Amino acid sequence: MKLTKKIMATVLVVALTIAAVPVMGATVDATNTVPNKKSLMKLVDEFSTPIGVTEEYIMKAGKSLTYNFSKVTARADMLRFKAEKKKEVDKYSKRMFGKKTSKVTLYPGEWGDSQVVMQMDSIKKTSKKNYYVKGQVYFSNLRDGKKHLVGTYRLYVQRNKKAKYKYVATKLKLTTWKKANTKSSKVDLFSSAKKYKNIKATMTYQLITVSGVDGAKTINKTLKDDMNALQKSRSATNFYTWVAEDDAKKVKDTYYFTATSKVKYNMNNILSVRITIHWYVGGAENTDEYGYNFDARTGKQIGIKKVVKGSTNTIKKKMYKAIDKKNWSKSYKKKAKKYIKKTKLSKLEFYMKNDKVIICMEPYTLGKKQREFKSFYIISIYF
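Notes on the structure follow.

Calculation notes
Residues numbered from 1 in each chain as written. Predicted model: local features only at pLDDT ≥ 70, side-chain atom pairs only at ≥ 80, totals over all residues. Heavy atoms only, no water. Helix = DSSP H or I, 4+ residues; strand = E, 2+ residues; numbered from the N terminus. Phe/Tyr/Trp six-rings, centres within 6.5 Å; stacked < 30°, edge-to-face > 60°. Buried < 20%, exposed > 50% of the residue type's maximum accessible area, 1.4 Å probe, protein only. Lys NZ or Arg CZ within 6 Å of the ring centre and 35° of its normal. Salt bridge = Lys/Arg side-chain N within 4 Å of Asp/Glu carboxyl O. Pairing = 2+ DSSP bridges. Axes fitted to C-alpha atoms, helices over the stretch in contact; angles between N-to-C directions. Lys, Arg positive; Asp, Glu negative; His and termini not counted. Polar contact = N/O pair within 3.5 Å; in protein donor to acceptor, adjacent residues only side chain to side chain.

**Focus on the environment of Ala244**
(1) Moving on: Here Ala244 shows up in helix α7 (residues 234-248).
(2) Moving on: With 45 residues separating them along the chain, Ala244 and Ile199 place their C-alpha atoms 8.6 Å apart.

Put into structure tokens, the structure is as follows:
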């Protein structure tokens, strides 16, 4: 049961903080106007192997590393993973840096099923001949297509007409991802209500607070808004009414309405929070679940298409197959598929756990007999 209308989805979970690098002069977005853009992208791709196997980069999560390629040692650090033979060192050095590099100790490695993907987000112009490219670095598994965020990069380049790619690299800044810091606190939403003689009533919300990532302020506001919406919701109003009515009837019982928030995924710049609601006003206990999924860098909510591979039709076919595997009645399965078919992906409730994207359906979504919430999962592109 979603108690507040969520913002239109637009990735934490885990945050990746890019430290700003001082640049002389104005910085202009040149993503669509940069000369020889395709060649520049090829230069960026030359760094995928050395970035992917640089042990210091992978191990120092949350740390920044800077390579100034005017220094031989910095170029050597890249080339020792790039070249497989001594005679290839100068070829790669001229291609990437526009100059030779001496004293390179080669350290070729085996990739296995993994490859590095350099995703380019934007290109900025800093002066007449100078630019920087920034983006994200992923490990991608060739067998199942899943990926894992390694970090972000910022590659500084200078135009050079004599170079193979018309650009040469001058500096590389790497920042690995770090998890968001989270803590929870229980908030009493019923403390100012009337004290009843016969029924003990409680209404609480376990609020998650986030820090340590750029999107923390926006995330915190969204979660607090959800708490406030719950307190003012129709469900809460009904709860107050039922408590008052049964208290007047001298019913001796304990009624409760609780919302428990729990972080279920905190990696790859994605933070996923599951909210479970339990309420009891006599009879059977009711349960519902829904989720909030954030890009921890911006605090904006993300949708299923950001975390599951394929087109809308492909993703929905995956959902149909997942529903078929559930131990539900034929009637429930038919209604669940109908619900998925008519509902936009952006409107579906979900949260992430490990490599699973768990789709939530609130009570009565599949008809009057569905008193409890239902859920099923499909596989995420992340691991």
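**Some points on the packing of aromatic side chains**
(1) Moving on: A complete count under the given rule lists 12 aromatic pairs for this structure.
(2) Moving on: The interplanar angle of 70 degrees and the centroid separation of 5.7 Å between the aromatic rings of Phe239 and Phe257 together place this pair among those described as edge-to-face. You can see Phe239 sitting in helix α7 and its partner Phe257 sitting in strand β11 (residues 253-267), a full 18 residues away along the chain.
(3) Moving on: A residue is classified by how much of its surface remains accessible, and Phe239, at 1% relative accessible area, is buried.
(4) Moving on: Judged by its relative accessible area of 1%, Phe257 is buried.
(5) Moving on: Measuring from ring centre to ring centre gives 5.7 Å for Tyr256 and Tyr280, while their planes differ by 25 degrees; the resulting arrangement is stacked. Of this pair, Tyr256 sits in strand β11 while Tyr280 sits in strand β12 (residues 270-280); the two residues are 24 residues apart in sequence, bridging distant segments of the chain.
(6) Moving on: For Tyr280, a relative accessible area of 17% puts it in the buried group.
(7) Moving on: One aromatic cluster is present, built from ring pairs that chain together Phe239, Tyr240, Phe257 and Trp279.
(8) Moving on: Lying across the ring of Tyr156, Lys171 places its NZ or CZ 5.6 Å from the centre.
(9) Moving on: We note Lys356 situated over the ring of Tyr377; from NZ or CZ to the ring centre the distance is 5.1 Å.

**Considerations on the pattern of salt bridges**
(1) Moving on: In the structure shown here, the tally under the stated rule is eight salt bridges.
(2) Moving on: The residue Arg80 makes a salt bridge to Asp77 at a minimum N-O spacing of 3.6 Å. Taken as a pair, Arg80 and Asp77 lie in helix α4 (residues 72-82) at a separation of three residues, close to a single helical turn.
(3) Moving on: Residue classification places Asp77 among the partly exposed positions, given a relative accessible area of 29%.
(4) Moving on: With its nearest N and O atoms 2.6 Å apart, the salt bridge here joins Lys337 to Asp324. With Lys337 in helix α9 (residues 330-342) and Asp324 in helix α8 (residues 312-324), the pair connects residues that are 13 residues apart, well separated along the chain.
(5) Moving on: On the basis of relative accessibility, which here comes to 41%, the residue Asp324 falls in the partly exposed class.
(6) Moving on: Linked by salt bridges that have partners in common, Glu46, Lys82 and Arg95 make up one network.

**Re the sheet that holds strand β14 (residues 349-353)**
(1) Moving on: Strand order across the open sheet formed by three strands is β14-β15-β16, with antiparallel pairing between neighbours. Across the chains shown, the open sheet's two edge strands, defined by having one partner strand only, are β14 and β16 (374-379). Within this sheet the neighbouring strands show an average axis-to-axis angle of 30 degrees, counted without direction.
(2) Moving on: As paired elements, β14 and strand β15 (residues 356-361) share five bridges and run antiparallel to each other. Paired with Glu349 across the strands is Cys360, a residue of β15.

**Examining the side chain of Glu88**
(1) Moving on: Tracing the chain through its elements places Glu88 in the loop between α4 and α5 (89-97).
(2) Moving on: It turns out Glu88 is buried and unbridged, and the closest side chain with the opposite charge, Lys91, is 4.5 Å from it.
(3) Moving on: Only 2.8 Å separates the side chain of Glu88 from the backbone nitrogen of Glu84, close enough to count as a polar contact.

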